[in-house]
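Each chain, written out:
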Amino acid sequence: MDMHTDYIKSINKVLIYIDENLGNELSLELISKIACYSPFHLHRLFKAITNENLNAYIIRKRIEKASSLLVHQRMLTVTQLALQCGFNSNSSFTRAFKKHYGQSPAAFRQSYPKHFSKIGKVNSKNGQVDFMSEAYICNINHLKNWITMNAKVEIREVPTLNIAYLTHIGIDALDQTFERLIKWAVPRGLFENNGAKLVRVYHDSFKVTEADKVRMSLGIILKEPIQVDGGIGLTTIKKGKYLSGHFIIEPKDFEPSWSSLFIWMNEKGYKKADGNPFEILHNDFNEHPEKKCIVDLYIPIE
């Protein structure tokens, strides 16, 4: 859908605000002021661009954040998690969580092994959610071998990165969004002298978010901030310490590469920090003699 660029900029602003304020008030009235639209107009606009109701989006993001905290911050009680993720009470959080995942937060945490780093879910015969811990644990050794054979892993201090980006939701038509971005960038000379790299920032995790709802920022790393237009947004990747894996892989191998890097992180005792994982793409795989992507994957760590 070809949306007016002012609308897209407003919704991008709203999405960033929600990400940064999941533990705070996120009423329709407040977000409408952020977007500079009436509540009625914002409600319709948000649905049209994201294909998701605003309130449903906020609840989903809060629950998905809570599911990650349940697993990776076991010292926090369910009540503490509920308040941290923006729920008014333990009971309202538990109801919403059970509706989303098919089990209570406590049961979710108990069913999730401490060394298990991927949330897999399938529908069982009775319609509930089963967590495929055994299947995944059996796959851990394979993924350890994968990263040993395919990656150079290191800890890096990454400076603040300025990004010109387009928002993309879901996994379909990624190439078309990248093409739009490149068509915008080429006339501005952003690729001259190899000065810019393509980047993909993940605001959701495929481990807890349905593929068609995963939000990504497809962007170009800039040497310095520039004036943007045409629906292009401007944002930054925060300076900090990152676990980095350098891969030369086929497009179909991004999933095991990301999974193996998270396993490496856990095995070495690192913890994911606040912030979004991202990848820097160094080539057009169509131009590679073996049709492979040269890519660096980054996970923010404490």
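Just above sits the structure.
What counts and how
Residues numbered from 1 in each chain as written. Predicted model: local features only at pLDDT ≥ 70, side-chain atom pairs only at ≥ 80, totals over all residues. Heavy atoms only, no water. Helix = DSSP H or I, 4+ residues; strand = E, 2+ residues; numbered from the N terminus. Buried < 20%, exposed > 50% of the residue type's maximum accessible area, 1.4 Å probe, protein only. Contact = heavy atoms within 4.5 Å. Pairing = 2+ DSSP bridges. Core = buried A, V, L, I, M, F, W, Y, C linked by side-chain atoms within 4.5 Å. Axes fitted to C-alpha atoms, helices over the stretch in contact; angles between N-to-C directions. Polar contact = N/O pair within 3.5 Å; in protein donor to acceptor, adjacent residues only side chain to side chain. Salt bridge = Lys/Arg side-chain N within 4 Å of Asp/Glu carboxyl O. Phe/Tyr/Trp six-rings, centres within 6.5 Å; stacked < 30°, edge-to-face > 60°. Left-handed = near helix turned anticlockwise from the far one by under 90°. Nonpolar A, V, L, I, M, F, W, Y, C, P; charged D, E, K, R; others polar.

In terms of helices and strands, the chain carries 10 helices and 10 strands. In the chain, buried positions account for 46% of the 302 residues. Within the chain, residue pairs in contact and separated by at least 24 positions form 68% of the contacts whose partners lie at least 6 positions apart.

A word on the pairing of strand E5 (residues 197-202). Extensive coverage of E5 is indicated by the burial of five of its six residues. When E5 meets strand E6 (residues 215-222), the two strands line up antiparallel, connected through six bridges. Within E6, the position partnered with Val 201 by the bridge is Ser 217. Two elements, E5 and strand E9 (residues 278-281), share four bridges in a ladder whose sense is antiparallel. The residue bridging Arg 200 from the neighbouring strand is Glu 279, located in E9.

Leu 181, Trp 184, Ile 220, Ile 232, Phe 247, Val 295 and Ile 299 are the most contacted members of the largest nonpolar core, which totals 35 residues. Sorting the residues of this core by element identifies helix H8 (133-150), strand E4 (161-169), helix H9 (174-185), E5, E6, strand E8 (240-249), helix H10 (254-267) and strand E10 (293-300) as the ones contributing at least two each. Grouped together as the second largest cluster of nonpolar side chains are 17 residues, Ile 63, Ala 66, Leu 69 and Leu 70 included.

We now examine the sheet that holds E4. Pairing is antiparallel in the open sheet, where eight strands are placed in the order E3-E8-E10-E9-E5-E6-E4-E7. Here the strands that pair on one side only, and so sit at the sheet edges, are strand E3 (151-158) and strand E7 (233-237). The average angle at which neighbouring strand axes cross in this sheet is 30 degrees, direction not considered. Those strands touched by helix H1 (residues 5-20) are E4 and E6, and its axis lies near 105 degrees from that of E4.

Bringing the side chain of His 203 into the picture now. With respect to the secondary-structure elements, His 203 resides in the loop between E5 and E6. Here His 203 falls in the buried class, since its relative accessible area comes to 16%. Within the structure, the side chain of His 203 is placed 3.3 Å from the side chain of Asn 276, a separation counted as a polar contact. Discounting residues that sit within four places of it in the chain, His 203 has contacts with Asp 19, Lys 61, Arg 215, Met 216, Ser 217 and Asn 276.

Okay, the pattern of salt bridges next. Tallied over the entire structure, the rule returns 12 salt bridges. In this structure, Arg 60 engages Glu 64 in a salt bridge whose closest nitrogen and oxygen atoms are separated by 3.1 Å. Here Arg 60 pairs with Glu 64, and both are found in helix H4 (residues 54-72), just four residues apart, close to one helical turn. In this structure, Arg 60 and Glu 64 share a single accessibility class: buried. Three or more residues are tied together by salt bridges with common partners; here these are Asp 19, Lys 61, Asp 204 and Arg 215.

So, on to the packing of aromatic side chains. As enumerated under the stated definition, the model contains 14 aromatic pairs in all. With centroids separated by 5.7 Å and ring planes inclined at 65 degrees, the aromatic side chains of Phe 93 and Phe 97 adopt a geometry described as edge-to-face. Note that Phe 93 and Phe 97 are positioned in helix H6 (residues 90-101) at a spacing of four residues, about one turn of the helix. Take Phe 97: its relative accessible area is 0%, and that puts it in the buried class. With a centroid separation of 5.2 Å and an interplanar angle of 85 degrees, the aromatic rings of Phe 97 and Phe 108 are classed as edge-to-face. Of the two residues, Phe 97 sits in helix H6 while Phe 108 sits in helix H7 (residues 105-110), which places them 11 residues apart along the sequence. Pair check on accessibility: Phe 97 and Phe 108 agree, each one buried.

A word on the packing of H1 against H4. Closest axis-to-axis distance for the H1/H4 pair is 10 Å, and the angle between their directions is 35 degrees. Read as a crossing pair, H1 and H4 show a hand that is right-handed. Between H1, through Leu 15, Ile 18 and Asp 19, and H4, the contact on the second element is made entirely by Leu 54, Tyr 57, Ile 58 and Lys 61. In terms of residue class, the contact of H1 with H4 is built from five nonpolar, no polar and two charged.

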